[in-house]
Structures are given as structure tokens and as C-alpha cells.
Amino acid sequence: MTAPRKADPEGLASDLHALGAGPFLSTPCGVLAPLHAALVPDGLTTVAREDTALGLAAGIACAGRWPCVLMQNSGFGQSVNAVASLLKPYEVSVLMVISLRGTGPDHTLENKGMGSVTRLILHELGVPTVDYVDGRDRENVTRQLAQWRCDTGPSAMLVHPAAFGWAT
Amino acid sequence: MNKLEALRLIIDRYPDTPMVFTTGFISRMAYALRDTDNHFYMVGSMGLAAPIGMGVAVALGQHVVVVDGDGALSMAPSSLTLMADLGEGRPQLTHFVLHDGRYDSTGGQTVAGSAEVIAGVARAAGYDVVASADTAEGLDRLLSHTERTVSLCRFLVVSVDPADDVPPRLAKPLPDVRRDFSRWLEQRSRQMSVRLEPRQGV
């Protein structure tokens, strides 16, 4: 087993572009901040709320694109209904990049709850997921995302807190 | 003017424009009045009609109509700040808000939040036109005037009476609503020679 390797945010951004993902919408998240920064030069729109971002993404997806929404799992928590009653039943292809606060090295109490249920909620909603733990996952994630590009419906990449380097 | 009359006027006026109808009675009525592929009917995700419409409008660079409800919009006013965030890139969006002061679809509870407050936020968010109408003739005049002389980025509060007869729920499967709408958008864009290529940002 190879040693953990910090993920390369510019590399991941490049992979997402190469796969045809975009445009990119983002809501605030410290774990995803390096990826957010890597996506800004090529155009990224910050949106105030996660459900608003998913609604905007749904319209963009209806128009034929494969939009990508970055969010913290706390934000996913308040936007679950947008996934459950819009993206999933209408089979709208949106890629969500969701950070898993409250897991691994993140022991913050306020994130523990969503840390426990994020994966479960996505599973119950029938949203496929792939984990981005650290840089070793780059190839596997890219391969999985390439398959989802052609699928119909939402999907999620789950980014672990230490992927880009966890700061306590 | 009741809700059905307002919807009929709006639908008749924009037969070739993408239209997003908010969840509840508005979608049901629109579906019953005329089901066409340029319509997207929401059945959940209350409050997201405007973001969906904005997404279509910015992706295609085309005018989109959103028919919202005062209750739905009050639930998610961040869609208005989204308009502000889009700034100079803001879309051509005619955002109707059918205002009856009630959550009609759930039994008529009073809407929290006033039309005046929401209109004030819309004005600050950068819609080029923020106006209201309470008769069919007034609405028709307003639409004609602004389309000719001002802009297609409009926030229009339409005062209506609550619904009397409400049609049943959508019979069309939801994936078909989305697929038909997407197919129509694609065909429409080809007709207008708009290229669906990846863009930088939104």
C-alpha cells in the first residue's frame, strides 16, 4: 500500500475540465478552498446558498451542460430536498463535489452529525458517489467520473478533510 | 384577474420561449392549460424556479420566462441575490410573481413576507424592470411597453385572486418533463444558431 499523497487541486481542476464538467458553481468550504482557488482562473461562480446553486445547475444541465457544484456537507444538509425533489426525480445530471466535514481528522462537534449521515442520505436517494481521500485516488475518481458524464442523474465526489491537507 | 387568467395570458404570449413554472397549483394549471415541450413543470424544490430559469438563460444566452409564486419566492430569496451576483452577465429573464398572499397549494396559509419587500430586493438585485399589474389589460400593456423599449430582465408582480378550480397533479413522468424540455432547448438553440459549447464560467 502506497503512502498517502496530498491531492493536487490544480490537477483535479484540470481533470474536471478535461472530462467536460462545467460551468463550476461554489459555496463556501474550507476543505474545498484549494480546489475552488484552482477553478477560479477559468471561471467559477460563487452562489450564496447550496440549494440555489443546485437550482441554477439544474437549469444549466437542462440546457445540455454538465455543471459542477462544490459544497460542504453541512450545505448539502440544507439542500437535500433540491437533490431529492429536483435533481433525482427529473434525472438531471449535476456533479456535486461534497466535502466530508465531521469525518477522519475533523472532530468538530458541529460537523459530526452531517459527517455521519452524508453518505447514507446520498445512498438512500440513489445518488452514486466516489471518494477522493487523497492524491492516490486521482485516477480512480477520473475513471468513475468519465462514466457518470454519460449517465442521467446527479452524482457526487466525496472529498475527505485531509485530501488537500487538513488544518485544525 | 384570477391565477388561471394570468397564466393563460402569459402562456399565450410566449409560445416559443422556455418557461419554468413553480411548484404547486401554478405548474398544475400551466400543464392543464397547454402542455408543450418549452414548459418545465416543478413539483417540489419550492423556491428554485428562478435559479432554474436563470440557469437555462445564462447557459443559452436566451430569454427565459419564470412563473413564480409569492410564497415560493419568499421561501428562497437568495435567488434574487443570485441575480445581483451575475451582474453584467445577468440573464434575459422575465420573472413573474403571481401574488395572492397565500400558500394556495397547501390550504391557503398566509404568505410570510410581503410583495413590496420582495420587489425592493429585486430592484436592488439589478433587474432592469421591477413593476406590478393587477389587471389583464395592465399586464399586457406593461409587457408590450418593456419589451419594446427597456429590457427583458424584468421582475413583474401580478396580483391575482386565488385559484377556484385546481387541476389534478401532473400525469407526465418527471424524467419526460426534463427530457422533452432539454430536447426543445437543443432544437431551439440550433434554430437560433446558438452553439452549446463550454463557456468560461457562468
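Values in this document were obtained by computation on a predicted structure and should not be read as measured data. (Residues numbered from 1 in each chain as written. Chains lettered and ligands numbered in written order. Predicted model: local features only at pLDDT ≥ 70, side-chain atom pairs only at ≥ 80, totals over all residues. Heavy atoms only, no water.)

## Details of the overall build of chain A
(1) Moving on: In terms of helices and strands, chain A carries seven helices and six strands.
(2) Moving on: Walking chain A from its N terminus toward its C terminus, one meets helices and strands in the order α-β-α-β-α-β-α-α-β-α-β-α-β.
(3) Moving on: Taking 2.2 N^0.38 as the reference for a compact globule, 168 residues should give roughly 15 Å; the C-alpha atoms of chain A span a radius of gyration of 15 Å, in line with that estimate.
(4) Moving on: With respect to the principal axes defined by its C-alpha atoms, chain A has extents near 40 × 35 × 30 Å.
(5) Moving on: For chain A, with 168 residues in total, the buried portion stands at 57%.
(6) Moving on: In chain A, the share of contacts with a sequence separation of at least 24, taken over all contacts with a separation of at least 6, comes to 77%.
(7) Moving on: As displayed, chain A offers around 6600 Å² of accessible surface, 54% of which is attributable to carbon and sulfur atoms.
(8) Moving on: In chain A, which carries 12 positive and 15 negative side-chain charges, the distance between the mean positions of the two groups comes to 2 Å. (Helix = DSSP H or I, 4+ residues; strand = E, 2+ residues; numbered from the N terminus. Rg over C-alpha atoms; globule rule 2.2 N^0.38 Å. Buried < 20%, exposed > 50% of the residue type's maximum accessible area, 1.4 Å probe, protein only. Contact = heavy atoms within 4.5 Å. Areas by Shrake-Rupley, 256 points an atom, 1.4 Å probe, with all protein chains shown as cover. Lys, Arg positive; Asp, Glu negative; His and termini not counted. Charge placed at Lys NZ, Arg CZ, Asp CG, Glu CD.)

## Describing helix H2 (residues 25-33) of chain B
One turn of an α-helix holds 3.6 residues; hence residues three or four places apart share an orientation.
All names here are of chain B.
(1) Moving on: Judged by how many residues are buried, H2 sits mostly within the fold: seven of nine residues are covered.
(2) Moving on: Within H2 the residues assigned to the buried category are Phe 25, Ile 26, Ser 27, Arg 28, Met 29, Ala 30 and Tyr 31.
(3) Moving on: Contacts made by the buried residues of H2 are with helix H1 (3-13), strand E1 (19-21), strand E2 (39-41), strand E3 (64-69) and strand E4 (93-99).

## Concerning the pairing of strand E3 (residues 68-72) of chain A
Residues and elements named next belong to chain A.
(1) Moving on: Taken across its five residues, E3 has five buried, putting it largely inside the fold.
(2) Moving on: Here E3 shows a buried face lined by Cys 68, Leu 70 and Gln 72 and a second buried face lined by Val 69 and Met 71.
(3) Moving on: Relative to E3, strand E1 (residues 24-26) runs parallel, the two sharing three bridges. Its bridge partner lying in E3, Ser 26 is registered against Leu 70.
(4) Moving on: In the sheet, E3 pairs with strand E4 (residues 95-99) via five bridges, with the strands oriented parallel. Following the sheet pairing, Val 69 is matched in E4 by Met 96. (Pairing = 2+ DSSP bridges.)

## Considering the side chain of Ser 45 of chain B
(1) Moving on: Checked against the element boundaries, Ser 45 of chain B lands in the loop between E2 and helix H3 (49-60).
(2) Moving on: The exposure class of Ser 45 of chain B is buried, given its relative accessible area of 3%.
(3) Moving on: Residues within four places of Ser 45 of chain B in sequence aside, it is in contact with Asn 81, Ala 82, Ser 85 and Leu 86 of chain A.

## So, the environment of Tyr 132 of chain A
(1) Moving on: Along the chain, the position of Tyr 132 of chain A falls in strand E5 (residues 129-132).
(2) Moving on: Sequence-distant contacts of Tyr 132 of chain A, defined by excluding residues within four places in its chain, comprise Ala 7, Leu 12, Asp 137, Arg 138, Val 141, Met 157, Leu 158, Val 159, His 160 and Ala 163 of chain A.

## As for helix H5 (residues 80-87) of chain A
(1) Moving on: Counting buried residues along H5 of chain A, six of its eight residues qualify, which places the element largely inside the surrounding structure.
(2) Moving on: By the burial criterion, the buried members of H5 of chain A are Val 80, Ala 82, Val 83, Ser 85, Leu 86 and Leu 87 of chain A.
(3) Moving on: Contacts made by the buried residues of H5 of chain A are with helix H3 (50-62), helix H4 (73-78), E4 and helix H6 (109-124) of chain A together with E2 and H3 of chain B.

## Notes on the interface of chain B and chain A
(1) Moving on: The interface of chain B with chain A comprises 35 residues on the first partner and 29 residues on the second.
(2) Moving on: For the pair chain B and chain A, the summed buried surface comes to about 2400 Å²; carbon and sulfur atoms form 65% of the total.
(3) Moving on: Our enumeration of links across chain B and chain A arrives at one salt bridge.
(4) Moving on: Notably, a salt bridge pairs Arg 179 of chain B with Glu 91 of chain A, separated by 3.1 Å at the nearest N-O pair.
(5) Moving on: Inspection of the region where chain B meets chain A yields eight residue pairs in polar contact (both at pLDDT 80 or more).
(6) Moving on: Mapped onto the side of chain B that touches chain A, the elements with two or more residues apiece are E2, H3, helix H5 (78-86) and helix H8 (174-191) of chain B. (Buried area = accessible area lost by both parts, 1.4 Å probe. Salt bridge = Lys/Arg side-chain N within 4 Å of Asp/Glu carboxyl O. Polar contact = N/O pair within 3.5 Å; in protein donor to acceptor, adjacent residues only side chain to side chain.)

## A short note on the sheet that holds strand E6 (residues 155-159) of chain A
All names here are of chain A.
(1) Moving on: If you walk across this open sheet you meet the six strands as E2-E1-E3-E4-E6-E5, and the pairing is parallel. The open sheet has two edge strands, strand E2 (44-46) and E5, and neither has a second partner. In this sheet, neighbouring strand axes are inclined to one another by 20° on average, regardless of whether the strands run parallel or antiparallel.
(2) Moving on: Strands E1, E3 and E4 of the sheet are contacted by H3, whose axis makes an angle of about 170° with E3. (Axes fitted to C-alpha atoms, helices over the stretch in contact; angles between N-to-C directions.)

## Comments concerning the sheet that holds E2 of chain B
Hydrogen bonds along the backbone pair up the strands of a sheet, which may run parallel or antiparallel.
All names here are of chain B.
(1) Moving on: Across the sheet, six strands lie side by side as E2-E1-E3-E4-E8-E7; this open sheet has parallel pairing. The strands lining the two open edges of the sheet, one partner per strand, are E2 and strand E7 (129-133). Across the sheet, the axes of successive neighbouring strands diverge by a mean angle of 15°, strand direction being ignored.
(2) Moving on: Both E1 and E2 contribute to a ladder of three bridges, which runs parallel. Along E2, the bridge assignment pairs Phe 21 with Tyr 41.
(3) Moving on: On top of the sheet, H8 reaches E1 and E2; it is set at about 155° to E2, its chief contact.

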